[in-house]
Amino acid sequence: MRIGVLAVQGAFAEHEQMLRALGAECFEIRQQADLSGPMDGLVLPGGESTVMGKLLRELGLFQPLWEKIESGLPVLATCAGLILLAEKISGEEGRHFGTLPVTVKRNAYGRQLGSFYTVAEMKQIGKVPMHFIRAPYVETVGSGVEVLAEVDGRIVAVRYQNQLGLSFHPEVSGDTSVHRYFLGMCTGVFGQ
Ligand code: GLN
């Protein structure tokens, strides 16, 4: 199992640690040449979506990654990663990959509540510790999108075919259950 972790900006190292602890091989994606080997899954980490989107385009990574996602490569997208996948970003004109039929709202929890922690139920997994860091939430979902978790009536986790999108950061909690679920998507245990 070989997982590519987008490593142009943001919280990628923590995902690698977690995936390695679960026995997966990881490699960092920083330039086109990194995409030449086999890849069973992709992680789009948290960070700053505007910066990541710009770097993806400048480094020539945008088109090849978009093609891989479109053709069914399993993706775990957290926080800014979720914004990169979203078909629509609320109140903004542009978008990035646009492969996930949801509308997301960036920095949705306002300044005071920019960062918070809770534990909530995630479908197919159970109770999951959730760290929100200047997080987006999902405002609306398109057809075929399964809502996996809500916090205070707001959607914070979705699955659409090969794409798993989370508002929160599962990689900082020490709980490996979300990454284990994602590796299950990569092997086909949890569907593709
Ligand atoms: N606020 C960031 C953005 O809009 C996301 C924050 C995060 O990834 N922790 O891209």
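It should be noted that the structure appears before, not after, this text.
Here's a quick rundown of the structure. Nothing here was measured: the structure is a model prediction, and the numbers come from that model. (Residues numbered from 1 in each chain as written. Predicted model: local features only at pLDDT ≥ 70, side-chain atom pairs only at ≥ 80, totals over all residues. Heavy atoms only, no water.)

1. Comments concerning the pairing of strand E6 (residues 100-105)
Then comes step 1: For E6, a buried count of five out of six residues is recorded, marking the element as mostly surrounded by other parts of the structure.
Then comes step 2: Note that strand E5 (residues 86-89) and E6 share three bridges and pair parallel. Paired with Lys 88 across the bridge in E6 is Thr 103. (Buried < 20%, exposed > 50% of the residue type's maximum accessible area, 1.4 Å probe, protein only. Helix = DSSP H or I, 4+ residues; strand = E, 2+ residues; numbered from the N terminus. Pairing = 2+ DSSP bridges.)

2. What to know about the packing of aromatic side chains
Then comes step 1: Summed over the entire model, instances satisfying the criterion amount to six aromatic pairs.
Then comes step 2: Ring geometry for Tyr 109 against Phe 116: centres 5.1 Å apart, planes inclined by 70 degrees, an arrangement best described as edge-to-face. Residue Tyr 109 shares its accessibility class with Phe 116, and that shared class is buried.
Then comes step 3: Aromatic ring contacts, followed pair by pair, group Tyr 109, Phe 116, Phe 132, Tyr 137 and Phe 168 into a single cluster. (Phe/Tyr/Trp six-rings, centres within 6.5 Å; stacked < 30°, edge-to-face > 60°.)

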